[in-house]
Amino acid sequence: MQNNIEKILESHPLIPVVTIHKEEEIKQLYEHLSSQGISCVEITLRTDFAWEAIALFKSEYKDSFKVGVGTITSVEHIKRCVELEVDFMVSPGLCPALKENFEKSGIPFLPGVSTPSEIMSAMELGWRYLKFFPAHLFGGAKALKTYSNVFKEVIFCPTGGINAENYQTFLDLPNVMSLGGSWLVK
Ligand code: 3PG
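Residues numbered from 1 in each chain as written. Predicted model: local features only at pLDDT ≥ 70, side-chain atom pairs only at ≥ 80, totals over all residues. Heavy atoms only, no water.

Observations regarding a negative patch on the surface
On the surface, Glu 23, Glu 24, Glu 52 and Glu 60 cluster together into a patch of negative charge. Structurally, the position occupied by Glu 52 is in helix α3 (residues 50-61). In this structure Glu 52 comes out as partly exposed when scored by relative accessible area, which is 47%. (Patch = residues over 30% accessible without salt bridge, like charges linked within 9 Å, V, L, I, M, F, W, Y side chains within 5 Å. Areas by Shrake-Rupley, 256 points an atom, 1.4 Å probe, with all protein chains shown as cover. Salt bridge = Lys/Arg side-chain N within 4 Å of Asp/Glu carboxyl O. Lys, Arg positive; Asp, Glu negative; His and termini not counted. Charge placed at Lys NZ, Arg CZ, Asp CG, Glu CD. Helix = DSSP H or I, 4+ residues; strand = E, 2+ residues; numbered from the N terminus. Buried < 20%, exposed > 50% of the residue type's maximum accessible area, 1.4 Å probe, protein only.)

Dropping the structure here:
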């Protein structure tokens with residue numbers, strides 16, 4: 001249903017969320033992440049340079065890295081991801097209008113939710129691997145613990161406010177397989 005996003009989540013418990021401003025940052029980023037044993041990155045669409053950064057990162061390191069795109073909010077974004085053959089897509093929210101494009105892309109994708117109603121809407125669409133965002137503003141690990149009792153089949157990838165001190169608490173939850181954050185590149 002989500003083009004096997006679970007394979008990405010299973011293999012990469014820590015997903016760095018990065019914003020790239022210029023070409024020089026790419027090699028540095030690759031080296032920094034590799035030295036931590038990380039081989040996966042989510043590049044956000046928060047800068048004008050983002051698409052170029054994604055293409056460059058892919059062409060340089062596609063053999064050793066899974067390169068994902070964050071901040072997916074439109075059909076146009078999904079089309080560009082298909083053109084660039086990225087490894088996964090992450091959306092900050094849940095948008096049923098993107099369902100067909102997401103599923104037909106063939107690229108693993110992770111939609112975002114924060115509330116019980118959004119989780120139920122995602123389940124209705126047939127999606128059970130969900131980004132929990134922004135985790136720190138919607139109850140963090142405590143909310144996910146509650147969700148584990150209510151939505152037993154849903155697996156979350158929390159992001160937002162996760163850091164070196166609290167990430168293990170999230171990873172220890174039964175409904176968390178992996179998580180994301182910018183602290184991994186700071
Ligand atoms: C994201 O895009 O997933 C988050 O902005 C990452 O949040 P952080 O910067 O608090 O880790």
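Some remarks on unusual backbone geometry
Note: most residues except glycine have negative phi, and most peptide bonds are trans. Along the chain, Phe 133 connects to Pro 134 via a cis peptide bond; the corresponding omega equals -15°. Mapped onto the secondary structure, Pro 134 falls in the loop between β7 (129-132) and α7 (140-150). Of note, Asn 3 is a non-glycine position whose phi angle comes to about 55°, a positive value. For Asn 3, a relative accessible area of 19% puts it in the buried group. For Asn 4, which is not glycine, the phi torsion reads 65° and is therefore positive. Looking at the element boundaries, Asn 4 is found in the segment before α1 (5-11).

Overview of the pairing of strand β3 (residues 66-69)
Look at any regular strand and the pattern is simple: side chains alternate between the two faces of the sheet. With 4 bridges connecting them, strand β2 (residues 40-43) and β3 associate as parallel partners. Across the sheet, Val 41 pairs through a bridge with Val 67, a residue of β3. Following the chain from β2 across α3 to the adjacent parallel β3, one finds a crossover that is right-handed. Pairing between β3 and strand β4 (residues 88-90): 2 bridges, direction parallel. Note on β4: the bridge partner recorded for Val 69 is Met 89. Once the chain exits β3 it traverses helix α4 (residues 75-84) before rejoining the sheet at β4, and the crossover so formed is right-handed. (Pairing = 2+ DSSP bridges. Right-handed = clockwise from strand over helix to strand, strands pointing away.)

Let's talk about the site of the ligand
Looking at the ligand, the residues that line it are Val 17, Arg 46, Lys 131, Phe 133, Thr 159, Gly 160, Gly 161, Gly 181 and Ser 182. Backbone polar atom of Gly 161 to an oxygen atom of the ligand: 2.8 Å apart, as the coordinates give it. About the coverage of the ligand: the protein hides 81% of its 320 Å² of free accessible area. (Near = heavy atom within 4 Å. Polar contact = N/O pair within 3.5 Å; in protein donor to acceptor, adjacent residues only side chain to side chain.)

Observations concerning the packing of α3 against α4
Between two packed helices, the angle of one axis relative to the other and the distance separating the axes together describe the packing. Relative to each other, α3 and α4 sit at 25°, their axes nearing to 11 Å. By the angle class used here, α3 and α4 are roughly parallel. Relative to α4, α3 is oriented so that their crossing is right-handed. Between α3 and α4, the residues in contact are Trp 51, Ile 54, Ala 55 and Lys 58 and His 77, Arg 80, Cys 81 and Leu 84, respectively. Residue composition of the contact of α3 with α4, by class: 5 nonpolar, 1 polar and 2 charged. (Axes fitted to C-alpha atoms, helices over the stretch in contact; angles between N-to-C directions. Parallel < 35°, antiparallel > 145°, perpendicular 65-115°, else oblique. Left-handed = near helix turned anticlockwise from the far one by under 90°. Contact = heavy atoms within 4.5 Å. Nonpolar A, V, L, I, M, F, W, Y, C, P; charged D, E, K, R; others polar.)

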